[in-house]
Amino acid sequence: VLHSRPLHTTQQCLAPLPPLPEKGGQVRHGLIPEEFFQFLYPKTGVTGPYMLGTGLLLYLLSKEIYVVNHETVAAVCILSVIIYGIKKYGADVAAFADRLNEEKIAKVSTVKNEAIKDLETAIEQEKKEQWRVEGRSYLFDAKRNNIAMLLEANYRERLLMVYNEVKKRLDYQVAMQNLKRQKEQDHMIQWVEKNVVQSITPQQQKESIAKCILDLKALSKSAQAAV
Amino acid sequence: MNLSFFDQFASPSLLGIPLILISTLFPPLLLPSLNNRWITNRLSTLQSWFIYLITKQLMMPLNKKGHKWALILTSLTILLLTINLLGLLPYTFTPTTQLSMNMALAFPLWLATLLTGLRNQPSTSIGHLLPEGTPTPLIPALVMIETTSLLIRPLALGVRLTANLTAGHLLIQLISTATIVLLPILPTMSILTMMTLLLLTMLEIAVAMIQAYVFVLLLTLYLQENI
């Protein structure tokens, strides 16, 4: 791919960048790429590269192209320390790096998610407001009924008041008339009694008394008979 | 090839062409370069995190004007760290074992801090020559001592780095020679010496990192006084 791409034919296009591959290149023993083994596999099989390595090493040692001197020991030491370090802490360091990246992404995602959430709540509230608007006519009807009832009640109250006032005035008149008649009656009775009492002469008085005594005697006789 | 103990400190040359420039500049080139991406691979993430850590540590005690030094100090740290750590591998040449290179790094930077202080705040700069609370009779002697200590700083910086690394490398060479020589004679002693070598290797790794850090840290200290 590298060789077929034409170089610098157009302006540099910086975005969007191609995504990073998921995993790095496969390596065997931490040093030798897997492609080398695949390259040798058709001709020499699985043990091919290892035979090559061993042969090369023995050739270098036996022909003294590589001389074993004090640096060899130093090399063994430093390499063992490095390999020990990588084996022990490699995974942790990788996890740490991944965590750094994830924290970076998480920080920005929280902003995005909170913005989305706020907008969603805003949408719901808007929908609720729209629903409320539909019920507006019912609200107005209820209010109108309320006011009509208040007016009606007020009207009836005033009607009652008027009625009571009128009745009071009429009762007053009736009472006045009754009083007047009562007074007239009493006055007449008194006048009649007075005149009657005045007209009773002494002669008449005696006659009435004698009559009463006779009546009484007659009554007493009949009464005795009854007992 | 039969190596003497000092062949590793010889400035490398190939057919008479000096390779010192490449060998000094090569180690930092091994680190991943800047990427256009926001989320990078693990190595770049770790590198960014590490550089951020170093810069924060170095720049915290400095005031705003001192932050102009951030780039050179951080690059210096990375350079020294990579050079020192790569020098622990066998058959490698460590440029920082050469006094000339360390003096070339220490002297100009120290001089820059001194001249910045003398130019911008001369009285404060010279005032640092006398610690607070000294009894009056001691003042002349103390000023002399402080001046000497000031003037010896670049020498100390360079020689510290050179001596630590050279001594370490030399020790590794000597002990590995002892291991190799003792192997046919007294294998047990050889094994014990090998153990010593392992511990020494781990020490050298620590020393490599610490020396790089100390170099830059002292420079920031000198900067703090003067900026």
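Every value quoted in this text rests on a predicted model; they were computed, and no experiment measured them.

1. Quick notes on the overall build of chain B
Helix and strand content of chain B: seven helices and two strands. Along the first, second and third principal axes, the C-alpha set of chain B runs to 65 × 55 × 40 Å. Sorting the 227 residues of chain B into buried and exposed places 37% on the buried side. The contacts in chain B between residues at least 6 apart in sequence include a share of 72% that link residues at least 24 apart. Roughly 12900 Å² of accessible area belongs to chain B as shown, and the carbon and sulfur atoms make up 75% of that amount. Put simply, chain B has 9 plus and 5 minus side-chain charges, and the middle of one group is 20 Å from the middle of the other.

2. As for the packing of helix α3 (residues 70–86) of chain B against helix α4 (residues 99–120) of chain B
Residue and element names in this part refer to chain B. Interaxial distance between α3 and α4 falls to 13 Å at its minimum, and their mutual angle equals 165°. In terms of their interaxial angle, α3 and α4 are classed as roughly antiparallel. The hand of the α3/α4 crossing is left-handed. Contacts between α3 and α4 pair I72, L76, L80 and I83 from the former with M101, L105 and L109 from the latter. Residue composition of the contact of α3 with α4, by class: seven nonpolar, no polar and no charged.

3. Details of the UniProt feature "transmembrane region" (unreviewed entry) in chain B
Residue and element names in this part refer to chain B. Annotation from UniProt places "transmembrane region" (unreviewed entry) at residues 12–31, 69–93, 99–118, 168–186 and 198–223. Helix makes up 50% of residues 12–31 and strand 20%, whereas the separation of the span's terminal C-alpha atoms amounts to 22 Å. Helix makes up 100% of residues 99–118 and strand 0%, with an end-to-end C-alpha separation of 27 Å.

4. Let's talk about the layout of surface pockets
Quantified by volume, the largest pocket comes out at close to 2000 Å³. If you trace the largest pocket, you find 37 residues lining it, with A:I82, A:I86, A:V93, B:L43 and B:L85 closest to the centre. Broken down by secondary-structure element, the contributors of at least two residues to the lining of the largest pocket are α3 (70–134) of chain A together with α2 (42–59), α3 and α7 (187–226) of chain B. Here the element with the most residues in the lining of the largest pocket is α3(A); it accounts for 15 residues. The class makeup of the residues in the lining of the largest pocket is 31 nonpolar, five polar and one charged.

5. As for the nonpolar core
Counting 32 residues, the largest nonpolar core has B:L73, B:L76, B:L80, B:L157, B:F215 and B:L219 as the members making the most contacts within it. Within the residue set of this core, elements represented by two or more residues are α2, α3, α4, α6 (139–185) and α7 of chain B. By residue number, the principal contributor to this core is α3(B), which donates eight residues. Not counting chain neighbours up to four residues away, the residues in contact with B:L76 comprise B:L105, B:L109, B:F215, B:V216 and B:L219. A:A74, A:V81, B:I175 and B:L197 belong to the second largest nonpolar core, which has eleven residues in total.

6. Notes on the interface of chain B and chain A
Accessible area lost upon the coming together of the parts serves often as the stated size of an interface. In this complex, chain B contributes 30 residues to the contact, which on the side of chain A involves 31 residues. Across the interface of chain B and chain A, roughly 2800 Å² is buried in total on both sides, 72% from carbon and sulfur atoms. Among the residues of chain B in contact with chain A, B:R37, B:W38 and B:Y91 are the three that bury the most area, contributing 21% of the side total. In this assembly, chain B and chain A are joined by one salt bridge. Between A:D98 and B:R42 there is a salt bridge, with its nearest N and O atoms 2.9 Å apart. Of all elements in the fold, only α2, α6 and α7 of chain B reach the threshold of two or more residues within the side of chain B that touches chain A. By residue class, the composition of the side of chain B that touches chain A is 17 nonpolar, eleven polar and two charged.

7. A closer look at a nonpolar patch on the surface
Taken together, B:I20, B:L21, B:I22, B:L25, B:F26, B:L29 and B:L30 make up a surface patch of nonpolar side chains, about 710 Å² in accessible area. Residue B:L29 is classed as exposed on the basis of its relative accessible area of 65%.

8. Observations regarding the packing of aromatic side chains
Per the stated rule, a full pass over the model turns up six aromatic pairs over all chains. Relative to A:Y50, the ring of A:F37 has its centre 5.6 Å away and its plane inclined at 55°; by these criteria the two rings are tilted. Of the two residues, A:F37 sits in helix α1 (residues 34–44) while A:Y50 sits in helix α2 (residues 48–62), which places them 13 residues apart along the sequence. On the accessibility criterion, A:F37 (6% relative accessible area) is buried. For A:Y50, a relative accessible area of 36% corresponds to the partly exposed category. Where B:F107 meets B:W110, the ring centres are 5.7 Å apart and the plane angle is 55°; that geometry is what we call tilted. Taken together, the residues B:F107 and B:W110, both in helix α4 and three residues apart, mark about one turn of the helix. Judged by relative accessible area, which is 4%, B:W110 ranks as buried. Here a set of aromatic residues connected by ring pairs shows up, and it is made of A:F36, A:F37 and A:Y50. Sitting over the face of the ring of A:F37, A:R28 holds its NZ or CZ atom 4.0 Å from the ring centroid.

9. Overview of unusual backbone geometry
Residue and element names in this part refer to chain A. The phi angle at H29 is positive, at roughly 60°, despite the residue not being glycine. Counting through the fold element by element, H29 comes out in the loop between β1 (27–28) and β2 (32–33). Take H29: its relative accessible area is 58%, and that puts it in the exposed class.

10. Brief notes about the side chain of B:E204
All names here are of chain B. Residue position: E204 is located in helix α7. Buried and without a salt bridge, E204 has R160 as its closest oppositely charged side chain, separated by 14 Å. Excluding its chain neighbours within four sequence positions, the residues that come into contact with E204 are L88, G168, H169 and I172.

Definitions and limits used
- Residues numbered from 1 in each chain as written.
- Chains lettered and ligands numbered in written order.
- Predicted model: local features only at pLDDT ≥ 70, side-chain atom pairs only at ≥ 80, totals over all residues.
- Heavy atoms only, no water.
- Helix = DSSP H or I, 4+ residues; strand = E, 2+ residues; numbered from the N terminus.
- Buried < 20%, exposed > 50% of the residue type's maximum accessible area, 1.4 Å probe, protein only.
- Contact = heavy atoms within 4.5 Å.
- Areas by Shrake-Rupley, 256 points an atom, 1.4 Å probe, with all protein chains shown as cover.
- Lys, Arg positive; Asp, Glu negative; His and termini not counted.
- Charge placed at Lys NZ, Arg CZ, Asp CG, Glu CD.
- Axes fitted to C-alpha atoms, helices over the stretch in contact; angles between N-to-C directions.
- Parallel < 35°, antiparallel > 145°, perpendicular 65-115°, else oblique.
- Left-handed = near helix turned anticlockwise from the far one by under 90°.
- Nonpolar A, V, L, I, M, F, W, Y, C, P; charged D, E, K, R; others polar.
- UniProt positions renumbered as here; feature names shortened; annotations may be inferred.
- 1 Å grid on protein atoms, 1.4 Å probe; cavity = no way out; pocket = protein on both sides within 12 Å on 5 of 7 lines; lining within 4 Å.
- Points joined across faces, edges and corners; volume = space filled by probe spheres on them.
- Core = buried A, V, L, I, M, F, W, Y, C linked by side-chain atoms within 4.5 Å.
- Buried area = accessible area lost by both parts, 1.4 Å probe.
- Salt bridge = Lys/Arg side-chain N within 4 Å of Asp/Glu carboxyl O.
- Patch = residues over 30% accessible without salt bridge, like charges linked within 9 Å, V, L, I, M, F, W, Y side chains within 5 Å.
- Phe/Tyr/Trp six-rings, centres within 6.5 Å; stacked < 30°, edge-to-face > 60°.
- Lys NZ or Arg CZ within 6 Å of the ring centre and 35° of its normal.

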